[in-house]
Structure formats: structure tokens, C-alpha cells
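What follows is each chain in one-letter form.
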Amino acid sequence: SSGINAEYGENMYEDGYYKISDFYFKDKPWPSPEVVQGIVEEKDEGSIFMILYRELYYRHIYARLKPTLEHRFDSYANYCELFSYLLTAEEPVKIELPNKWLWDIIEEFVYQFQSFQQFKSKAGKINDEEKSMLRDDEDNVWKVTAVLNILLQLTEKCNINQQLIAMEKGEPITEDIAGEFGLKPIYTMTGFFSLVGLLRLYCLLGDYHMALSCIEHVQFKDKDMMALVPACQITANYYAGFAYLMIRKYANTIQLYQHILGYMQRTKQFFQNRSFQADDINKKNEQMLALLAIASTFCPLRLDESVNIQIKEKQGDKVARIQHGDMAVYDDLFFSGCPKFLSPVVSENPTSPFGSSGPRGLQLQVFKAEVEQQRLIPTLRS
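Residues numbered from 1 in each chain as written. Predicted model: local features only at pLDDT ≥ 70, side-chain atom pairs only at ≥ 80, totals over all residues. Heavy atoms only, no water.

Please explain the overall build of the protein chain as it appears in this structure.
Looking only at helices and strands, the protein chain features 18 helices and zero strands. Per-residue burial over the protein chain gives 50% buried out of 382 residues. Sequence-distant contacts in the protein chain: of pairs separated by 6 or more residues, those separated by 24 or more amount to 72%. (Helix = DSSP H or I, 4+ residues; strand = E, 2+ residues; numbered from the N terminus. Buried < 20%, exposed > 50% of the residue type's maximum accessible area, 1.4 Å probe, protein only. Contact = heavy atoms within 4.5 Å.)

Following this line, the structure appears as C-alpha cells:
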């Protein structure tokens, strides 16, 4: 729906979904989709109302309870239905959803992929029934190529990169640029959020150049598309800054993190009033301070006073130890700041392909090789 209803929908989603979850369903699932379908008039299981309801239903299970393997499979099938509803339509769909909801859908899709890969990598904890379900999986549920492909298709459906290039030049967005679908907010915003989803996914897989190429045309400005959903802005800055750190562009990391940490300080109240987001935001804040502490030891850019104070508060002793030549501190800071990496190929054998340290250990080695080189530079200069 549009106009006043879109605004009503936004408030209902922003407050209603989380408040109802907190009040009535703190430690139990929402009513099952079958029950809800019996109540609503749309008897069609594939109706968009039911698809969206199932998305919220599974998301709540992931957030508050423990998803079973069946939940993981069913949620993936539901995402495929949702994205296919948008992608296979012959003309733009008529519904509108709040930007925050569209962002949450993309973010949750990537999160559930991450969660599934982590579940599969813990081979020791998977029971026989689950093992046979995984073996019989014909649909390649949560396969990395399928997930990347869906996100890519969502960016292409609305010509989001062409739109961003036009915006950069200050050109109006016409149908020639955006296409018929790209003129509709539901397509443009989903496409934009999918770029950030791809950035995150490639970072988790350790492909930093690819990650940054996904956001080549994205403007990291407060007045930009990204600022429409603060959680998206924080996520994009975190992963872009991390990717820059891993390809040795420390000044870019510092620039992004200084800016976003300042923004987070200014909007603190906004998030503290939304308890469900406050924890995530605080965690990202801590992670970025750890990574900023690393970047600033490699690149002597002057930090803003407010950011400097935060680093001293949270990581002061570690920074002092680095200055005294204690290189082991880099491991601590790296692990405090890095995301939960995934191995691109999850094998049946939990000891391969990364050895016992897993993908996290591998990325640490990549990073440490760089630290080693940086350490030699002063010696070479002298």
C-alpha cells in the first residue's frame, strides 16, 4: 500500500513486531504459519501476505529460539519464494514495504546463510537424522553460489549501479537509467541493500577486492540512500572499513570508521531506545574501535579527539603494548574486531581446508603477514 499506509506500516513494523515479540513471544515461536493461514482470507500459501508472515516467523525463531534443521530448510525455501515473487514478476509488484523491513530481509537472509554454514561446519554436533537430511538435500539449500546469485539478481533488476552512477553525476533518475522496475522504491531499495549484503558476504568469504567492487558506486554520505536505514549505514561502514584494512588501505579504514563512530555517538539515544538494536550497535562500535586501533598504528593519521578518547578507554593498554613492540597484541585486536568468517567450501571433514584454526585462523595469518612487513619497514628505512 502507499501514502499514509506506508507510514503506518513503518511504525507497525518498527515498533509493533519487536514489541509484540518481546511481550508475548519472548521464549516461544509466533503462531505457526498453518494456523495463521486458516485465519486470513488468502487461502493461497504462496500469497505475499503468507510469505512475509513466514519470513517474520522464522526470523523470530532464529533470534529467540534455536532453529532446527527443518526450520533452516523451510526458511530458505520461503526466501526463494519471496525473491522469486520480486524477480519473476512481469511488471513491478504493487506492494510497498518500509525501508527498514527491506533491509532486515536482506540482512537476515545473509545472516541465516552464515548461520547455516557455521552449523554445517560443526560436524561433531550434527545427529544422524540431520546428516541424512543434509545428504538428501536436492535443492542445494543455502549454497553460497545460490545466495550470491540471488543478491546479484536483485541488484540487476533495478539497475542499481547505473542509478548510483547517475546520482553521483547529479542526473535525474529516468526510466532509461533505472528501467521500469528501478523506478519503484521496493526494487531500488532491495537492490541497494543487496549491494551491502554482497559486501558483507564477500568479506565473510575473505574476498576483499570483490567485496569492495560491489560498493564501488556507493556514496558513504549521511545524506545518501544508505542513511535511510541507520543499521545499514553502520553495517556497510564496518565491512567496507574491514575490507580496506585487509588490503592495506589503512587511511580509508580510518576515514570511514572515524566518520561512522562519530555518527553513532551522536545518534546513541535513538538506538538505546530500541533495545533489540542497541546490543548489535554496541558490538559493532567495539569491533570498529579495535580495528581502528590497528589501522592507526600503521597509518599515522590524526584521529578526532572523541574517537581517540574511545580508543584509549577501550583499547588503551593494548595500543601502549604495541608501541612497546608487543606484536601478539595484534592477534587480540584482530579477533576482537573481525567478522565471523566462513570457509568458501564447507567440507565433511572438519579439519580441512583450513587446519584446526578454521577460516578465522587463515585470515589472521593473511593479516599477520602484513603486520610482519610493516614491522620491517622502519628497519629498512633506517
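For this particular structure, what's the right way to read the nonpolar core?
A general trend in soluble globular proteins is that nonpolar side chains are found buried together. Counting 120 residues, the largest nonpolar core has Phe242 and Tyr257 as its most contacted members. For this core, the element with the most residues is helix α10 (residues 185-204), which contributes 13 residues. Apart from the residues within four sequence positions on either side, Tyr257 is in contact with Asn237, Tyr238, Gly241, Phe242, Met288, Leu291 and Leu292. (Core = buried A, V, L, I, M, F, W, Y, C linked by side-chain atoms within 4.5 Å.)

Explain the packing of aromatic side chains to me, please; I cannot follow it from the model alone.
Each aromatic ring pair is specified by the distance between its two centres and by the angle formed by the two planes. Counted under the stated rule, the structure contains 26 aromatic pairs. Seen from their ring centres, Trp30 and Tyr53 are 6.4 Å apart, and the 65° between their planes marks the pair as edge-to-face. A residue pair is termed long-range when its members are at least 10 positions apart, and Trp30 in the loop between α1 (4-24) and α2 (33-39) and Tyr53 in helix α3 (residues 48-64) qualify at 23 residues. Judged by relative accessible area, Trp30 falls into the buried class, the value being 14%. Summarising the aromatic geometry, the rings of Tyr53 and Tyr57 are spaced 6.5 Å apart at their centres and angled 25° between planes, so their arrangement reads as stacked. One end of the pair, Tyr53, and the other, Tyr57, are both in helix α3, four residues apart, so they sit about a helical turn from each other. (Phe/Tyr/Trp six-rings, centres within 6.5 Å; stacked < 30°, edge-to-face > 60°.)

How should the packing of α3 against helix α5 (residues 99-121) be read in this particular structure?
Each pair of packed helices gets described by two things: the angle between the helix axes and the distance between those axes. At a closest axis distance of 11 Å, the pairing of α3 and α5 adopts a crossing angle of 50°. In terms of their interaxial angle, α3 and α5 are classed as oblique. Once α3 is placed against α5, the crossing between them reads as left-handed. Between α3, through Leu52, Glu55, Leu56, Tyr58, Arg59 and Tyr62, and α5, the contact on the second element is made entirely by Trp101, Asp104, Ile105, Glu108, Tyr111, Gln112 and Ser115. Considering only residue class, the contact of α3 with α5 consists of seven nonpolar, two polar and four charged. (Axes fitted to C-alpha atoms, helices over the stretch in contact; angles between N-to-C directions. Parallel < 35°, antiparallel > 145°, perpendicular 65-115°, else oblique. Left-handed = near helix turned anticlockwise from the far one by under 90°. Nonpolar A, V, L, I, M, F, W, Y, C, P; charged D, E, K, R; others polar.)

Just to check I follow, could you spell out helix α4 (residues 69-87) for this structure?
Turn by turn, an α-helix covers 3.6 residues, leaving residues three or four places apart pointing in a common direction. Compared with an ideal rise of 1.5 Å per residue, which puts 19 residues at 27 Å, α4 spans 27 Å between its outermost C-alpha atoms and is within 8% of the ideal. Residues of α4 that are buried include every one of Leu69, Arg72, Phe73, Ser75, Tyr76, Asn78, Tyr79, Leu82, Phe83, Leu86 and Leu87, and no others. At its buried positions, α4 is contacted by α3, α5, α6 (128-135), α7 (144-157) and α10. (Expected span 1.5 Å × (residues − 1).)

Quick question: what am I supposed to make of helix α12 (residues 230-246) here?
Between its first and last C-alpha atoms α12 spans 25 Å; for 17 residues at 1.5 Å apiece the expected length is 24 Å, and the two agree. The element α12 is extensively covered by neighbouring structure, given that 16 of its 17 residues are classed as buried. Looking one or two residues beyond α12, the residue adopting positive phi is Arg248, at roughly 70°.

I keep staring at the pattern of salt bridges and nothing clicks. Help me out?
Two side chains that carry opposite charge are able to pair once their charged atoms sit near each other. Across all of its chains, the model carries eight salt bridges by this definition. Residue Arg59 is joined to Glu55 by a salt bridge in which the shortest nitrogen-to-oxygen separation is 2.7 Å. Within this pair, Arg59 and its partner Glu55 are both found in helix α3, separated by four residues, close to a single helical turn. Between Asp104 and Lys100 there is a salt bridge; the shortest N-O distance is 2.7 Å. Here Lys100 and Asp104 lie together in helix α5, a separation of four residues that amounts to about one turn. We classify Asp104 as buried; its relative accessible area is 5%. (Salt bridge = Lys/Arg side-chain N within 4 Å of Asp/Glu carboxyl O.)

Just to check I follow, could you spell out the side chain of Asn78 for this structure?
The residue Asn78 is located in helix α4 in this model. What makes Asn78 buried here is its relative accessible area of 2%. Apart from residues lying up to four places away in sequence, Asn78 is in contact with Ile51, Arg54, Glu55 and Tyr58.

Before we go on, may I ask you to explain a nonpolar patch on the surface in this structure?
A contiguous nonpolar surface patch, about 350 Å² in accessible area, is contributed by Ile20, Phe23 and Tyr24. Assignment of secondary structure puts Phe23 in helix α1. A relative accessible area of 66% means that Phe23 is categorised as exposed. (Patch = residues over 30% accessible without salt bridge, like charges linked within 9 Å, V, L, I, M, F, W, Y side chains within 5 Å. Areas by Shrake-Rupley, 256 points an atom, 1.4 Å probe, with all protein chains shown as cover.)

What is the right way to look at a negative patch on the surface in this model?
On the surface, Glu34, Glu70, Asp74 and Glu129 cluster together into a negatively charged patch. Looking at where Glu34 falls in the secondary structure, it is placed in helix α2. Among the residues examined, Glu34 registers a relative accessible area of 60% and is labelled exposed. (Lys, Arg positive; Asp, Glu negative; His and termini not counted. Charge placed at Lys NZ, Arg CZ, Asp CG, Glu CD.)

What am I meant to see in the confidence of the model for the protein chain here?
Low-pLDDT stretches of the model should not have their predicted coordinates read in fine detail. Across the protein chain, the average pLDDT comes to 86, with 88% of residues at or above 70. Note on residues 346-356: pLDDT is under 50 here. Beyond four places in sequence and across chains, it has 13 contacts. Taken as a whole, residues 378-382 scores under 50 in pLDDT and shows zero contacts with residues more than four places along the chain or in a different chain. (pLDDT = per-residue confidence, 0-100.)

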